[in-house]
Every structure is written in structure tokens, then in C-alpha cells.
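Topology and contacts: notes
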Amino acid sequence: MQFKLHHLTPRMAGLALASMVFSGAAHAADDNDGGPPITPYRPSVSSPAQLPAPGQLELELGGQHRSDSQSLRNSAPYLLKLAFDDKWGLLVGGEAHVWQSGDIGRSQGVGDTVLTLKRAWVVDDATAFGMEFDVKLPTANDVIGSGKTDYTINTIVSRDFGPVHMDANLNATQLGQADPGSSRTQIGASTAFSTSLSGPWGLTGRSRAPTAMAPTTLCSFSRRSPSAQPGD
């Protein structure tokens, strides 16, 4: 779910978040506003190299659910995006609220916050490269988050192959705290392929292979605003 933020108050943002969590995917851009197109980053595990239109503040909201035999975690992730020009931009993301339960009991609160400085190199309409420099701030409590600051460098290749758009990421993270026996430096890779289907509907397939986990492959349908950039 993506918004162009012109006069979005905190109360309006909260209502929009609640609507997304309880109602599912929706699109909220005004198709006739005449402004630049929205550049969606979700749903995907891979970041695109492209930046939003310079000076246009965009907000993405969503809902996330994870569970296994021992724990349950629900959260409301968000991402604010602002490009200063066609090369540099700033992202602020995290989880507006987290609800989790497990062996250590129940906990809820604000999640950690990630600040990202992003550099884009747009080669042409079909190809772009990018780098992201992340700092994860421990704004969550120690039960929800790690309580430590993490640093990540992410390299990006984005490419259109006809109607199919690809985003490939390779990243390294320096953890503020690692599990016993694990390295504080973690290497990860992910790739996402997306294409438009009928009307505003799209199909996204993504694969992720962090070093600490087995590779995972997912596929999802998404509904995009007609004003979103094609192939994203």
C-alpha cells in the first residue's frame, strides 16, 4: 500500500495503517492528481535501485504475520521514502507496532527503526544500480528487538527483461549482538521478479538466502495503483 504524502496528519496515518492491517491490500493514490508516479518497494524482499520522484514523500504501510510451533508475531511495518534528487534519497522504516507471544510470554510495543541513505545510478529506462547504507536503531524493547545497533550495506541491480522486472540484492550486516557461536557479520542475498497481470494486479516471486537460514522462495499477488511505475 503506497501513499503520496501531501497533508497526511499523524491521525490520518494511524487510520490508514489500521485500514491496511484489518482490510488487506488497497491502493490510495489519486489517479487524476497529475503528479509523478509512485515507486513501490513492497511487497518484496529485494529493494529496487530506483528512487521515488525527487521531493515527493511516499509512505508504505502493511501487515506482517509470522508463526511457528513455539511463537507468534504480528506487526505493522512502514516505510517513508524521500529522494533529494535523482541520485540520493533517505528512507525511514520499521514496525509501528509489534504483538508477539512465545516461551518468554507476551510483549507488544514499537519495533526497531531503520535509517537508510540510498544512492541510485540510473543507466537507462531498463537498468539501474543502487547502494543502501542502513543503520538499525534499537527503538524496540529488548524482548521485541535485539537492543543493539546494526549496520548494513546493500548493493542493488534492477533490470527490466521485457514485461518482467528484476531486483537483485547482495548485502552485509554487522550485528551489534550475535547469537552464541554465530558471526556478527552476516551476508545475505535476495532476488525478486515481478510482472503486471490484468489491470492493477501483479505477480511477484522472490527468493532469499541469508546465511543464518535456509533459502526461501515465495510467490504473491499484489494490487498496485494505476499510477505506479510499470514493472515495479
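See the structure shown above.
These remarks concern the structure in this document. (Residues numbered from 1 in each chain as written. Predicted model: local features only at pLDDT ≥ 70, side-chain atom pairs only at ≥ 80, totals over all residues. Heavy atoms only, no water.)

1. Some details on the overall build of the chain
- Across its full length, the chain holds 1 helix and 13 strands.
- The linear arrangement of helices and strands in the chain, starting from the amino end, is β-α-β-β-β-β-β-β-β-β-β-β-β-β.
- Counting over 232 residues, the chain shows a buried share of 37%. (Helix = DSSP H or I, 4+ residues; strand = E, 2+ residues; numbered from the N terminus. Buried < 20%, exposed > 50% of the residue type's maximum accessible area, 1.4 Å probe, protein only.)

2. Focus: the environment of Leu82
- Relative to the helices and strands, Leu82 resides in strand β4 (residues 72–83).
- What makes Leu82 partly exposed here is its relative accessible area of 27%.
- C-alpha separation for the pair Leu82 and Glu58, spaced 24 residues apart in sequence, amounts to 6.6 Å.
- The residues touching Leu82, leaving out its near neighbours within four places in the chain, are Gly55, Gln56, Leu57, Gly89 and Leu90. (Contact = heavy atoms within 4.5 Å.)

3. A few points about the packing of aromatic side chains
- As enumerated under the stated definition, the model contains 0 aromatic pairs in all.
- Taking NZ or CZ as reference, Lys81 lies 4.4 Å from the ring centre of Tyr41, over its face.
- The ring centre of Phe161 lies 5.8 Å from the NZ or CZ of Arg159, which sits over that ring. (Phe/Tyr/Trp six-rings, centres within 6.5 Å; stacked < 30°, edge-to-face > 60°. Lys NZ or Arg CZ within 6 Å of the ring centre and 35° of its normal.)

4. Examining the pairing of strand β2 (residues 58–61)
- Of the two faces of β2, the one carrying Glu58 and Glu60 and the one carrying Leu59 and Leu61 are both buried.
- Two elements, β2 and β4, share 4 bridges in a ladder whose sense is antiparallel. Among the inter-strand pairings, Leu59 is bridged to a residue of β4, identified as Leu80. (Pairing = 2+ DSSP bridges.)

5. Description of a nonpolar patch on the surface
- On the surface, Phe84, Trp88, Leu90, Leu117, Phe133 and Ile153 cluster together to form a nonpolar patch covering roughly 530 Å² of accessible area.
- Along the polypeptide, Leu117 turns up in strand β7 (residues 113–122). (Patch = residues over 30% accessible without salt bridge, like charges linked within 9 Å, V, L, I, M, F, W, Y side chains within 5 Å. Areas by Shrake-Rupley, 256 points an atom, 1.4 Å probe, with all protein chains shown as cover. Salt bridge = Lys/Arg side-chain N within 4 Å of Asp/Glu carboxyl O.)

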